[in-house]
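Single-letter residue listing:
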Amino acid sequence: MEGGRRGEAAGTTASGDGPAPVFTLEEVAKRNSSREAWLVIHGRVYDVTRFLAEHPGGEEVLLEQAGKDATESFEDVGHSTDAREMLKQYFIGEVHPNPSRTSSGQTSFWSTWLIPIFGALVLGLMYRYYMVDGKSS
Ligand code: HEM
């Protein structure tokens, strides 16, 4: 109970190293009930489902924030360093920085490159066609 030990992940999901999963705000928003409750605090996603009943501030307030960014409410309460330490064990991932482009990344890659390349080819062929045409007549 002394505050001397730090950085000891007690066998639960590793929160320190390795790439963390990334969730969109839409995905977080779906977890807004006592069946599944996720919170965003300082850009990180926390699964507080099994913490609901244990929260000293009650499950009501957590459910009110479930599926949302709870940073402000969390900070407004002035949670202790102990409370901040507890966050780590519920960490499940980061928030996606740009929610509108999740699955269509490939499509936008091809459309951004193929259109200019195709355009350049057409222009080149047209140029050639007109030059040849100009010379022969
Ligand atoms: C995973 C996120 C959270 C954790 C780990 C957590 C943890 C705790 C802990 C350990 C306490 C006891 C006092 C302290 O140590 O500061 C507490 C109190 C409290 N928490 Fe949270 N909390 C979380 C999120 C929230 C959120 C989102 C709210 C939203 C309003 C909230 C509202 C409160 C309130 C009102 C109290 C005061 C209870 C009292 O003084 O009787 N907590 N919380």
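Residues numbered from 1 in each chain as written. Predicted model: local features only at pLDDT ≥ 70, side-chain atom pairs only at ≥ 80, totals over all residues. Heavy atoms only, no water.

### Describing the overall build of the protein
As a reminder of what qualifies: The way it works is that DSSP assigns letters per residue, a run of H or I at least four long becomes a helix, a run of E at least two long becomes a strand, and they are numbered from the N terminus. Throughout this description, buried means an accessible area under 20% of the type-specific maximum (1.4 Å probe, protein chains only), exposed means over 50%, and partly exposed covers the range between. Residue contacts are counted whenever heavy atoms from the two residues lie within 4.5 Å of one another. All accessible areas in this document rest on Shrake-Rupley with a 1.4 Å probe, and a residue is counted as covered only by the protein chains that are shown.
For the protein, the count of helices and strands is 5 helices and 4 strands. Sequence-ordered secondary structure for the protein, helices as α and strands as β, is β-α-β-β-α-α-α-β-α. Burial analysis of the protein (137 residues in total) assigns 21% to the buried set. Of the contacts made within the protein by residues no fewer than 6 positions apart, 67% connect residues no fewer than 24 positions apart. Of the roughly 10500 Å² of accessible surface on the protein, 57% is carried by carbon and sulfur atoms.

### Examining the site of the ligand
The condition that has to hold: Distances are taken per atom, and a residue is near a molecule or strand as soon as one of its heavy atoms is within 4 Å of it. N or O atoms within 3.5 Å of each other form a polar contact, as long as, within protein, one can give a hydrogen and the other can take it, and as long as residues adjacent in sequence are counted only when both atoms are side-chain atoms. Polarity classes work like this: nonpolar for Ala, Val, Leu, Ile, Met, Phe, Trp, Tyr, Cys and Pro, charged for Asp, Glu, Lys and Arg, and polar for all others, with Gly in that last group.
Close to the ligand lie 18 residues, the nearest being His55, Leu62, His79, Ser80 and Leu87. Note that a nitrogen atom of the ligand is positioned 2.8 Å from one of the side-chain N or O atoms of His55. At a separation of 2.4 Å, an oxygen atom of the ligand approaches a polar side-chain atom of Ser80. Put simply, the parts of the chain that give the shell around the ligand at least two residues each are strand S2 (38-41), helix H2 (59-65), helix H3 (71-77) and helix H4 (81-87). Of the residues in the shell around the ligand, the class split is 13 nonpolar, 5 polar and no charged.

### Quick notes on the packing of aromatic side chains
Any two aromatic rings considered together are summarised by their centre-to-centre distance and by the angle between their planes. As a reminder, the rule being used: Classification of ring pairs rests on two measures: the distance between centres of Phe, Tyr or Trp rings, Trp counted by its six-membered ring, which must be within 6.5 Å, and the angle between planes, read as stacked under 30 degrees, edge-to-face over 60 and tilted in between. Whether a charge sits over a ring depends on NZ of Lys or CZ of Arg being within 6 Å of the ring centre and within 35 degrees of the ring normal.
The full count for this structure, using the stated rule, is 4 aromatic pairs. We note Arg31 situated over the ring of Trp38; from NZ or CZ to the ring centre the distance is 4.1 Å.

### Comments concerning the UniProt feature "transmembrane region" (unreviewed entry) in the protein
Formally: UniProt positions are given in the numbering used here, feature names are shortened, and annotations may be inferred rather than shown by experiment.
According to UniProt, the "transmembrane region" (unreviewed entry) feature falls on residues 110-130. Summarising residues 110-130: 100% helix, 0% strand, and an end-to-end C-alpha distance of 30 Å.

### Some details on the coordination of the iron atom of the ligand
For a metal with four tetrahedral donors the ideal donor-metal-donor angle is 109.5 degrees, while six octahedral donors give ideal angles of 90 or 180 degrees. Rules: The donor set covers N, O and S atoms within 2.8 Å of the metal, switching to 3.2 Å for Na, K and Ca, and it leaves out water, so a site may look short of donors. Only four donors with every angle between 85 and 135 degrees are called tetrahedral; only four or six donors with opposite donors over 155 degrees apart and all others between 65 and 115 are called square planar or octahedral, in that order; all others are irregular.
Surrounding the iron atom of the ligand are the protein donor atoms His55 (NE2) and His79 (NE2), which sit 2.0 Å from the metal. Coordination at the iron atom of the ligand is octahedral: its 6 donor atoms span angles of 89 to 179° at the metal. Here the residue His55 occupies a position in the loop between strand S3 (44-47) and H2, and His79 occupies one in the loop between H3 and H4, the gap between them amounting to 24 residues. The two residues His55 and His79 agree in class, both being buried.

### Notes on the pairing of S2
Defined as follows: When DSSP finds two or more bridges between two strands, those strands count as paired.
Burial along S2 is two-sided: Trp38 and Val40 and Leu39 and Ile41, pointing in opposite directions, are all buried. Pairing geometry for S2 and S3, over 4 bridges, is antiparallel. Across the sheet, Leu39 pairs through a bridge with Tyr46, a residue of S3. The antiparallel hairpin formed by S2 and S3 contains 2 residues in its connecting segment, where His42 sits at a positive phi of about 50°.

### A closer look at the sheet that holds strand S1 (residues 22-23)
The strand order across the open sheet built from 4 strands is S1-S4-S3-S2, with neighbouring strands paired in mixed fashion. Two strands in the sheet have a free side with no partner beyond their single neighbour: S1 and S2. In this sheet, strand S4 (residues 91-95) lies alongside S1 in parallel orientation, the contact comprising 2 bridges. Note that in S4 the partner of Val22 across the bridge is Glu94.

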